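Structural description and commentary
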There are 2 protein chains.
Amino acid sequence: MTHSRRMTLKDLARELGVSTATVSNAFNRPDQLSPALRERILGEASRLGYRGPDAKARSLRTGRSRIIAVILAESLTYSLNDPVASEFLSGVAEVLDAQGHTLLLLSSRQAQGLLPGSASMADGFIVYGLMPSGDLLDTLPAQAPLVSADFDIAGRPSVHVDDEPACYGIARHALRRPPRRPGIINLRLTAEPCNGRVTPDHTLLGPEQTITRSRLIGFHRALEEAGFAPDQVPMWNIEENTFPVCEPVIAGILDLPEEERPDLLLCMSDRIALTALTLAERRGLRIPEDLRLTGFDGIAEGQYRSPRLTTVRQDSTEKGRIAARMILGLVPAEPSLLATELIVGESCP
Amino acid sequence: MTHSRRMTLKDLARELGVSTATVSNAFNRPDQLSPALRERILGEASRLGYRGPDAKARSLRTGRSRIIAVILAESLTYSLNDPVASEFLSGVAEVLDAQGHTLLLLSSRQAQGLLPGSASMADGFIVYGLMPSGDLLDTLPAQAPLVSADFDIAGRPSVHVDDEPACYGIARHALRRPPRRPGIINLRLTAEPCNGRVTPDHTLLGPEQTITRSRLIGFHRALEEAGFAPDQVPMWNIEENTFPVCEPVIAGILDLPEEERPDLLLCMSDRIALTALTLAERRGLRIPEDLRLTGFDGIAEGQYRSPRLTTVRQDSTEKGRIAARMILGLVPAEPSLLATELIVGESCP
DNA sequence: TTGTACGCGTTATCAG
DNA sequence: CTGATAACGCGTACAA
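An unreviewed UniProt entry annotates chain A as Transcriptional regulator, LacI family originating from Halomonas shengliensis.

The following block contains the structure:
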């Protein structure tokens, strides 16, 4: 018989002697038919092995797929292994899941340079982090809902964290005990790729391009207040927030002659600060006596080790939740700003 | 005009004065029409803002969506924040991406207890970790390709790591210097939830149910060879591989009176071992003099701190790649076993 | 090499 | 409350 082919709604209707519309209603609009009939249809359906309306056909017909795509600025490999991005994703997933939606993962750095066609099946898009090429967003269905996180797209809602005040706050905390030589380690702040010392030749990205610029502005404001001329404070830059990339830059800093080596390092991320912590320990530097360190993010790894990291905790999960709620229309799609919290650990008491 | 509605293939065909088949061929089968005509069609298409065949309609017609779903045994929140699961996912994503496929994330612990309908749009399924309820898999399209990782489904291909020999190997290494009191910390090994000491009353899961049982068998084999009766070696169990859940159990172990406290702890995961490391340091215990520790997984966090963890490195990323290649039919879908590597750090030299 | 016609499985509309 | 029918947008035999 028709044993090979999957059973369809139409087959079931014929089998039951009712119309396809009625079967469809039994699954989608209980109020459109008598409970008795509905019971019978659902019962027979599961007996005959009909699993319910086909998702592909349904999505063609209704125009919606109940799939939400997250487009990550970085590669999937990097993002999935980055605690902050992962937390964001888990916030998104939590809300989508509760609403019966699923999560499609995309990266702006796809193999072919453009998104796979299947991407356009999504009902909405959450864009996390600055896209390397703006063109990519043009390939998306024009009228699909879109929310960005940690950067802005003209005319679109976004979710942010109060980067500038947060960094002002943590720098102020650190500067209460005046350092002899403060230093700053940035993350992807220069227009030109740069792994190492930032010189006046480098052009810095603007605050609308990257959150790390906002963070730097906060640091500088606090430094200025504390009597340090910002342009006298040495800065280093790191291109990628991973140990292998951070290590040489930080090693270079720690291996400076003692009279040049910073005794306070304000870092743009916990990953950077933790790498500095590890490398400092290996060199026998005492934390915080010889070197004080601050981070940003508040990732678990920084809190579950000793010394604990002094850092700014951002609720990345909540950022994801909000983005997801906006996409689903659960909350109004308007710019949102999350507060952060200063965490004082032993790395900079 | 028809400015509100998205342009369709049919619209474009009419506009160009060719048939829909020709336009379709221009996108899908370049060999079916003259290069000149194809150029013209593609050119006009992008000029008129036609983005190519609609993914939903195409998937209905062809039956394939170019979406692969990964079903995670744990919640998405947990999995996304777990380095080992994240690495697995990034391996999957890497291969899918290169093949023009996308990744749909599902969890066996969805809100409603069953998978959302959109899940069935996937062309294939990768199941990671033992499903809490086997029924869930019955709801999947019966003939869709399916590969499991880290556990087995009858009649389906799977990807594994050589858990038993790996654990035999690391235990042997640790036991070369005989401990006075060895101990084992398991991960979700008991049928009944148990956070703490494992007693004879507990029933252990079988090796076909969980990889941690295979690991335990490896530990026991080495212990026996070293002259320790396995049932005399104390075991603890932990229900979830996170700091908050591990902490009380491990604190309980470390706070035992000195003559009962283990001086060697074989841990089922790096997360557990790292938690033990942190808690031991906080108590002033010297590693490895007072306490030696081994882990499993080889996560970055364990290698980028000091003391480095002695552990078994499993290539979780490669596990993901292989699963993805099997699903896509790039390699034969047959059971696969990956080798591991012993890493000797300072936590158990 | 190009065009015609049908069907993929569903849902919305509207008439009974 | 129920049923017939027309889309949804596309791929592909098959005919020209």
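On we go from here.
1. Structural notes on helix α11 (residues 270-282) of chain A
All names here are of chain A. With 13 residues, α11 extends 18 Å from end C-alpha to end C-alpha; this agrees with the ideal 18 Å at 1.5 Å per step. Across the 13 residues of α11, eleven count as buried, placing the element largely inside the fold. The complete set of buried residues in α11 reads Asp270, Arg271, Ile272, Ala273, Leu274, Thr275, Ala276, Leu277, Thr278, Leu279 and Ala280. Once α11 finishes, Gly284 follows within two positions and takes phi at roughly 80°, a positive value.

2. Focus on the interface of chain B and chain A
Chain B puts 55 residues into the contact, and the matching count from chain A is 55 residues. Summed over both sides, the interface of chain B with chain A buries roughly 4,600 Å², with 58% coming from carbon and sulfur. The largest contributions to the chain B side of the interface with chain A come from Lys56(B), Met121(B) and Tyr304(B), which together make up 16% of the buried area. Where chain B meets chain A, there are zero salt bridges. Connecting chain B to chain A are twelve residue pairs in polar contact (both at pLDDT 80 or more). If you list the elements that add at least two residues to the side of chain B that touches chain A, you get α4 (55-62), α5 (76-81), α6 (83-98), β2 (102-107), α10 (243-254), α11 (270-282) and α12 (300-303) of chain B. In terms of residues, the side of chain B that touches chain A owes the most to one element, α6(B), which gives eight residues. Among the residues making up the side of chain B that touches chain A, the classes are represented as 21 nonpolar, 20 polar and 14 charged.

3. Re the domain arrangement of chain A
All names here are of chain A. As far as domains go, chain A holds domain 1 (20-45 + 56-156) and domain 2 (161-314 + 339-343). Each of domain 1 and domain 2 has a C-alpha centre, and these two points are 36 Å apart. Between domain 1 and domain 2, the buried area comes to about 870 Å², and carbon and sulfur atoms account for 50% of it. When the buried area of domain 1 at its contact with domain 2 is split by residue, Tyr78, Val84 and Asp150 rank highest and sum to 50% of it. Where domain 1 packs against domain 2, one counts one salt bridge. A salt bridge links Glu74 to Arg188; the nearest nitrogen and oxygen atoms lie 2.8 Å apart. Linking domain 1 with domain 2 are one residue pair in polar contact (both at pLDDT 80 or more). The dominant element in the side of domain 1 that touches domain 2, judged by the number of residues it contributes, is helix α6 (residues 83-98), at three residues.

4. Re the nonpolar core
Grouped together as the largest cluster of nonpolar side chains are 151 residues, with contacts concentrated most on Leu105(A) and Leu105(B). Among all residues touching Leu105(B), those that are not within four sequence positions of it are Leu103(A), Leu105(A), Val70(B), Leu72(B), Leu76(B), Leu80(B) and Leu89(B).

5. Points about the protein's contact with DNA strand D
Inspection of the region around DNA strand D gives 26 residues, with Thr22(A), Arg61(A), Leu9(B), Tyr50(B) and Arg61(B) positioned closest. Within the contact set of DNA strand D, a phosphate oxygen lies 2.7 Å away from a side-chain nitrogen or oxygen of Thr22(A). Leu9(B) is positioned with one of its backbone polar atoms (N or O) 2.5 Å from a phosphate oxygen of DNA strand D. At four residues, α4(B) tops the list of elements feeding residues into the surface near DNA strand D. Taken together, the residues of the surface near DNA strand D sort by class into ten nonpolar, nine polar and seven charged.

6. Some remarks on the protein's contact with DNA strand C
Surrounding DNA strand C, one finds 28 residues, the nearest of these being Leu9(A), Ser24(A), Tyr50(A), Arg61(A) and Arg61(B). Sugar and phosphate atoms form 67% of the subset of DNA strand C atoms that lie within 4 Å of the protein. Note that a phosphate oxygen of DNA strand C is positioned 2.8 Å from one of the backbone N or O atoms of Asp54(A). One nitrogen or oxygen atom from the side chain of Thr22(B) is found 2.9 Å from a phosphate oxygen belonging to DNA strand C. Listing elements by their share of the surface near DNA strand C, those giving two or more residues are α1 (9-16), α2 (20-28) and α4 (55-62) of chain A together with α2 (20-28) and α4 of chain B. A per-element tally of the surface near DNA strand C places α4(A) first, with four residues.

Quick notes on the rules
- Residues numbered from 1 in each chain as written.
- Chains lettered and ligands numbered in written order.
- Predicted model: local features only at pLDDT ≥ 70, side-chain atom pairs only at ≥ 80, totals over all residues.
- Heavy atoms only, no water.
- Helix = DSSP H or I, 4+ residues; strand = E, 2+ residues; numbered from the N terminus.
- Expected span 1.5 Å × (residues − 1).
- Buried < 20%, exposed > 50% of the residue type's maximum accessible area, 1.4 Å probe, protein only.
- Contact = heavy atoms within 4.5 Å.
- Buried area = accessible area lost by both parts, 1.4 Å probe.
- Salt bridge = Lys/Arg side-chain N within 4 Å of Asp/Glu carboxyl O.
- Polar contact = N/O pair within 3.5 Å; in protein donor to acceptor, adjacent residues only side chain to side chain.
- Nonpolar A, V, L, I, M, F, W, Y, C, P; charged D, E, K, R; others polar.
- Domains from an automatic or database assignment.
- Core = buried A, V, L, I, M, F, W, Y, C linked by side-chain atoms within 4.5 Å.
- Near = heavy atom within 4 Å.

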